[in-house]
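Residue-level structure breakdown
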Amino acid sequence: MTDNILLHVGIDDTDSNEGMCTTYLTHIIIKQLKKHDIILLDYPRLIRLNPFARYKTRGNGALSFKVELENRDEVELVEKIVLENVEKYSMFDGVNTNPGVIFYEGEITQEMKDYAIGAIYSIYSISYAEEFAKKIGARVHKFKKGRGIIGSIASISIDLPDETFECLAYRKSENIGTKRQLDQESIYLMNEKTYPETFDNIDIEGNYTAIEPHTPCPVLYGIRGNTAEIVEKAHKMVKSFEEIEDYCIFRTNQHTDMHIQENIPIHDMQENSCYKVKCEVTEEPHDIEGGHVFFKVSDNTGTLECAAFEPTKTFRNTVRKLRMGDEIILYGGLNENHTFNIEKFQLTSVAPQYRLINPLCSCGKRMKSAGKNKGYKCPKCGNKIRSSEKVKELINRDIVEGFYEVPTEARRHLSKPIVRMKE
Ligand code: ATP
């Protein structure tokens, strides 16, 4: 029996499009705690929440970590260090930057786990999160509107039945905002040696490396993989021409499909939520302005308008091959315009497609029309038939049963790549 205090710390919404990254802020805090001999009990957590959250900066990530402390003085010290750094480094000028910090002592309860799943499946208000924090006895710190408390509570609370890891390498402060200087060849080599235990290092066609962000944030690159060991090993294989300030490994729910709700029929789907649904193509794909591809599917409860949007690039070519009657299992999310944004699909049954053509003559030659309602005539042997009926010819379908997914660059943080699917 120990009287030690288990303290969970959640931090969210400190960055903006102009800079910073809550992972980096968390990393700074962890380093300062270390100086006081306060060591994390586990890897810090980077938890992705509802991809439809309106005020997200990029990927709706919330950070957290836990420490075991001996006395109240240590609790006070941790809280002081966390709050000082959030005040110092948050991008308070960002219109949508509303930091929120949560401190919670003790074990994570079932209702907290349920809250966290709800923050992935649905949209919460700040007041709901604040009420919830009060109910569980957490200490809440709101900066500006304090929206970050929504994600902070979810980050400390979420259960991780499936998980991945990300190793984030950070830049020296003087380099932030300049072009990232990485040895591209070393990234291809790292991918060769560690894929598929690491993934999303290179774009699907192998044209470019995908580990670098394109924002003026402190992250030099991030490597995602199935274990902490593999992402660290992969990180050590990447050569950088600029000095790496430090790196930090996060335990995450990225690429686990944790956002996907199953067994919900089309009729019951809610906007701003993500689903897996078994259905049939009932309207063929067509392009609309802006390069988006739309089509419709149905199950026995309703019809859904689906889209492969322009940023999904080559994935749209696959979607364009779908035809009426094809049976598919779709994965994706219903946006606020009630359009289902596809992340991937499994084609489970390819419907035979036919075209109507003139019949063949007994001599083997394709017959020609002999005039309106006058049947057919063979251009080779002159043979005639009276019937004007066409015959069906099976069209060769240029797609086979299997999984198809959007390219790396268009993949949502939560979306499980096919290479991680074990079905
Ligand atoms: P980055 O990926 O660069 O860290 P971000 O995309 O994570 O940025 P945040 O700055 O964290 O964006 O902003 C997301 C905001 O949305 C946070 O305030 C978070 O608390 C809030 N949020 C998270 N989940 C939900 C939800 N389910 N409903 C409503 N708000 C949410």
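This is a predicted model, so every value here is computed, not measured.

This paragraph deals with the overall build of the chain. The secondary structure content of the chain amounts to eight helices and 21 strands. Based on the C-alpha atoms only, the size of the chain along its principal axes is roughly 100 × 50 × 45 Å. Looking at the chain residue by residue over its 423 residues, the buried ones come to 51%. A total of about 20,600 Å² of accessible surface is found on the chain, and carbon and sulfur atoms cover 48% of it. Counting 57 positive and 64 negative side-chain charges, the chain places the centres of these two groups 11 Å from one another.

The next subject is the domain arrangement of the chain. Often, the extent of an interface is quoted as the loss of accessible area on bringing the components together. Here the chain is partitioned into domain 1 (5–157), domain 2 (164–252), domain 3 (260–350 + 398–420) and domain 4 (363–393). Spacing between the C-alpha centres of domain 1 and domain 4 amounts to 76 Å.

To continue, consider the packing of helix H3 (residues 110–121) against helix H4 (residues 126–136). Put simply, H3 and H4 touch, their axes get as near as 11 Å, and they point 165° apart. Overall, the two elements H3 and H4 adopt an arrangement that is roughly antiparallel. The interaxial crossing formed by H3 with H4 has left-handed handedness. Residues Glu111, Met112 and Tyr115 of H3 form the contact with H4, whose participating residues are Tyr128, Ala129, Phe132, Lys135 and Ile136. Tallied by class, the residues present in the contact of H3 with H4 amount to six nonpolar, no polar and two charged.

On to the packing of aromatic side chains. Under the definition given, this model contains 11 aromatic pairs. Between tyrosine 115 and tyrosine 128 the ring centres are 6.1 Å apart and the planes differ by 10°, which places this aromatic pair in the stacked class. Remark: tyrosine 128 occurs in helix H4 and tyrosine 115 occurs in helix H3; sequence separation between them is 13 residues. Taking the relative accessible area as the measure of exposure, tyrosine 128 reaches 39% and is therefore partly exposed. Judged by centre distance (5.9 Å) and plane angle (50°), the ring pair of phenylalanine 315 and phenylalanine 345 falls under tilted. Of this pair, phenylalanine 315 sits in helix H8 (residues 315–319) while phenylalanine 345 sits in strand E15 (residues 339–349), placing them 30 residues apart in sequence. As far as the burial class goes, phenylalanine 315 and phenylalanine 345 line up, both buried. Stacked on the ring of tyrosine 55, the Lys or Arg arginine 147 has its end atom at 3.7 Å from the ring centre. Against the face of tyrosine 354 rests lysine 392, its NZ or CZ located 4.5 Å from the ring centre.

How each quantity is defined
- Residues numbered from 1 in each chain as written.
- Predicted model: local features only at pLDDT ≥ 70, side-chain atom pairs only at ≥ 80, totals over all residues.
- Heavy atoms only, no water.
- Helix = DSSP H or I, 4+ residues; strand = E, 2+ residues; numbered from the N terminus.
- Buried < 20%, exposed > 50% of the residue type's maximum accessible area, 1.4 Å probe, protein only.
- Areas by Shrake-Rupley, 256 points an atom, 1.4 Å probe, with all protein chains shown as cover.
- Lys, Arg positive; Asp, Glu negative; His and termini not counted.
- Charge placed at Lys NZ, Arg CZ, Asp CG, Glu CD.
- Domains from an automatic or database assignment.
- Axes fitted to C-alpha atoms, helices over the stretch in contact; angles between N-to-C directions.
- Parallel < 35°, antiparallel > 145°, perpendicular 65-115°, else oblique.
- Left-handed = near helix turned anticlockwise from the far one by under 90°.
- Contact = heavy atoms within 4.5 Å.
- Nonpolar A, V, L, I, M, F, W, Y, C, P; charged D, E, K, R; others polar.
- Phe/Tyr/Trp six-rings, centres within 6.5 Å; stacked < 30°, edge-to-face > 60°.
- Lys NZ or Arg CZ within 6 Å of the ring centre and 35° of its normal.

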